[in-house]
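Listed here are the chains, written in short residue letters.
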Amino acid sequence: MSTIGFIGLGNMGFPMASRLAEAGHTLIVDDRDKGAVQRFQDQHPTSRTATDVKAWQDADIIITMLPNSDIVEAVLTGGVAAAASLNTLFIDMSSSEPIRSRDLGARLERQGMRYLDAPVSGGVRGAQNGQLAIMVGGRWHDLDQATELFDVLGKSVIHVGDAGSGHAAKALNNLVSAASVAATVEALRVGERFGIDPATLTQVLNASSGRSNTSENKVAQFMLSGTFGSGFPIGLMTKDIKIATALADSLGIDARFSHDCEAIWQSVLDAGHGAEDHTRMYEYLATPTKSFNDERQIHA
Ligand code: NAD
């Protein structure tokens, strides 16, 4: 069993850290939100809180599950990495920026530490059930040490390549997921205006080549039900799309479709909906542009 530092007890981090504590590991936890830290300690009394930066020196592994690269770097370089013992394995499971992650990994290695990027897919439910997909960038022998933890958190662990590759794979996966949400919502709305019940069109998609994670696991569950409660907000999805398009740009790839996808999500973010669940795109995309008269002609 390991002593695991865990920073970031949000929608994803709280259930992930809980599973690790329930598997018997010793947890040292921290979050800017001290209420979340208290809730974690109440539920897992054998865990410790990092009341002092020196607490990190006891951790064999330190996991970050934070909003973005800016915050991961600020937290790690703001005292955690300096306080940690030599050879500590840092694992950034946030969805961060791949080029910055590669640089962060190299910096930590120069300080005598080790680094993996290991972002996840599968949402809050996957975090609760230990069913996440984990994509890993970094060295094989560091992955060997982390396998025991990843087995508690996920159903699949894929070693993608060197440091940063896990984060690149995650952003590219979410680009595809975001494109699928936008395309599916547009199709449902067009179908609806033509008189096809969205539930019926979803049945058609799920029985046909248009099916996807969106059509199978989001439309009925979160969109048509009106619950919009997948736990993944528009702001985080847009962040991931932008990581993917920035990567394409930095590699000199003319990724036009991806930039169109980014513009669609960014426009909803700019309208002030960043904190809302991403399944609410069902309400914000493909709104009718024609007048009522035109509508009557459509149905004539
Ligand atoms: P969240 O906003 O619910 O949680 C982030 C946590 O980080 C919060 O508890 C916040 O208080 C804490 N935090 C922020 N700044 C901090 C700081 N400076 N020091 C300490 N703690 C700080 O986000 P989440 O949904 O848990 O997502 C975390 C990461 O996982 C993100 O990178 C996200 O893109 C990724 N992700 C989320 C999902 C999902 O379905 N929510 C799925 C896969 C990946």
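Residues numbered from 1 in each chain as written. Predicted model: local features only at pLDDT ≥ 70, side-chain atom pairs only at ≥ 80, totals over all residues. Heavy atoms only, no water.

A. Structural detail: the site of the ligand. Every one of the 23 residues lining the ligand counts as a neighbour, but Asn 11, Met 12, Asp 31, Leu 66 and Lys 239 are closest to it. One of the side-chain nitrogen or oxygen atoms of Asp 31 is found 2.6 Å away from an oxygen atom of the ligand. In the environment of the ligand, an oxygen atom lies 3.1 Å from a nitrogen or oxygen atom belonging to the backbone of Pro 67. Here the ligand loses 86% of its free accessible area of 830 Å² to cover by the protein chains. Looking at the shell around the ligand, the elements with two or more residues in it are helix H3 (69-83), helix H5 (123-129) and helix H11 (234-250). For the shell around the ligand, a count of residues per class yields eleven nonpolar, seven polar and five charged. Among the domains, domain 1 (3-161) and domain 2 (169-284) are the pair contributing at least three residues each to the shell around the ligand. (Near = heavy atom within 4 Å. Polar contact = N/O pair within 3.5 Å; in protein donor to acceptor, adjacent residues only side chain to side chain. Areas by Shrake-Rupley, 256 points an atom, 1.4 Å probe, with all protein chains shown as cover. Helix = DSSP H or I, 4+ residues; strand = E, 2+ residues; numbered from the N terminus. Nonpolar A, V, L, I, M, F, W, Y, C, P; charged D, E, K, R; others polar. Domains from an automatic or database assignment.)

B. Seen up close, the packing of helix H7 (residues 165-193) against helix H12 (residues 256-273). Relative to each other, H7 and H12 sit at 65°, their axes nearing to 10 Å. Considered as vectors, H7 and H12 are oriented roughly perpendicular to each other. For the pair H7 and H12, the sense of crossing is left-handed. Two secondary-structure elements touch here, H7 through Leu 175, Ala 178, Ala 179, Val 181, Ala 182 and Glu 186 and H12 through Phe 257, Ser 258, Cys 261, Ile 264 and Trp 265. Here the contact of H7 with H12 is composed, by residue class, of nine nonpolar, one polar and one charged. (Axes fitted to C-alpha atoms, helices over the stretch in contact; angles between N-to-C directions. Parallel < 35°, antiparallel > 145°, perpendicular 65-115°, else oblique. Left-handed = near helix turned anticlockwise from the far one by under 90°. Contact = heavy atoms within 4.5 Å.)

C. Spatial organisation of the pattern of salt bridges. Under the criterion given, the structure shown has twelve salt bridges. The partner of Asp 70 in a salt bridge is Arg 100, and the shortest N-O contact between them spans 2.7 Å. With Asp 70 in helix H3 and Arg 100 in helix H4 (residues 98-110), this pair connects stretches of sequence that are 30 residues apart. Owing to a relative accessible area of 24%, Arg 100 belongs among the partly exposed residues under this scheme. Salt-bridge contacts for Glu 109 lead to Arg 139; the nearest nitrogen and oxygen are separated by 2.8 Å. With Glu 109 in helix H4 and Arg 139 in the loop between strand E8 (132-138) and helix H6 (140-153), this residue pair connects regions lying 30 residues apart in the sequence. A residue is classified by how much of its surface remains accessible, and Glu 109, at 31% relative accessible area, is partly exposed. (Salt bridge = Lys/Arg side-chain N within 4 Å of Asp/Glu carboxyl O. Buried < 20%, exposed > 50% of the residue type's maximum accessible area, 1.4 Å probe, protein only.)

D. Layout of the pairing of strand E4 (residues 61-64). Both faces of E4 are covered, namely the face carrying Ile 61 and Ile 63 and the face carrying Ile 62 and Thr 64. Relative to E4, strand E1 (residues 3-7) runs parallel, the two being bridged by four bridges. Looking at E4, one finds that Ile 7 is bridged to Thr 64. As judged from the four bridges shared by E4 and strand E5 (residues 89-92), these two strands associate in the parallel manner. (Pairing = 2+ DSSP bridges.)

E. The packing of aromatic side chains, seen in detail. Taken as a whole and judged by the stated rule, the model has one aromatic pair. Measuring from ring centre to ring centre gives 5.4 Å for Phe 14 and Phe 40, while their planes differ by 75°; the resulting arrangement is edge-to-face. On the criterion of sequence distance, the pair formed by Phe 14 in helix H1 (residues 13-22) and Phe 40 in helix H2 (residues 34-43) is long-range, its members being 26 residues apart. Among the residues examined, Phe 14 registers a relative accessible area of 14% and is labelled buried. By relative accessible area, Phe 40 is classed as buried at 0%. Over the aromatic face of Tyr 282 sits the side chain of Arg 189, whose NZ or CZ is 3.8 Å from the ring centroid. (Phe/Tyr/Trp six-rings, centres within 6.5 Å; stacked < 30°, edge-to-face > 60°. Lys NZ or Arg CZ within 6 Å of the ring centre and 35° of its normal.)

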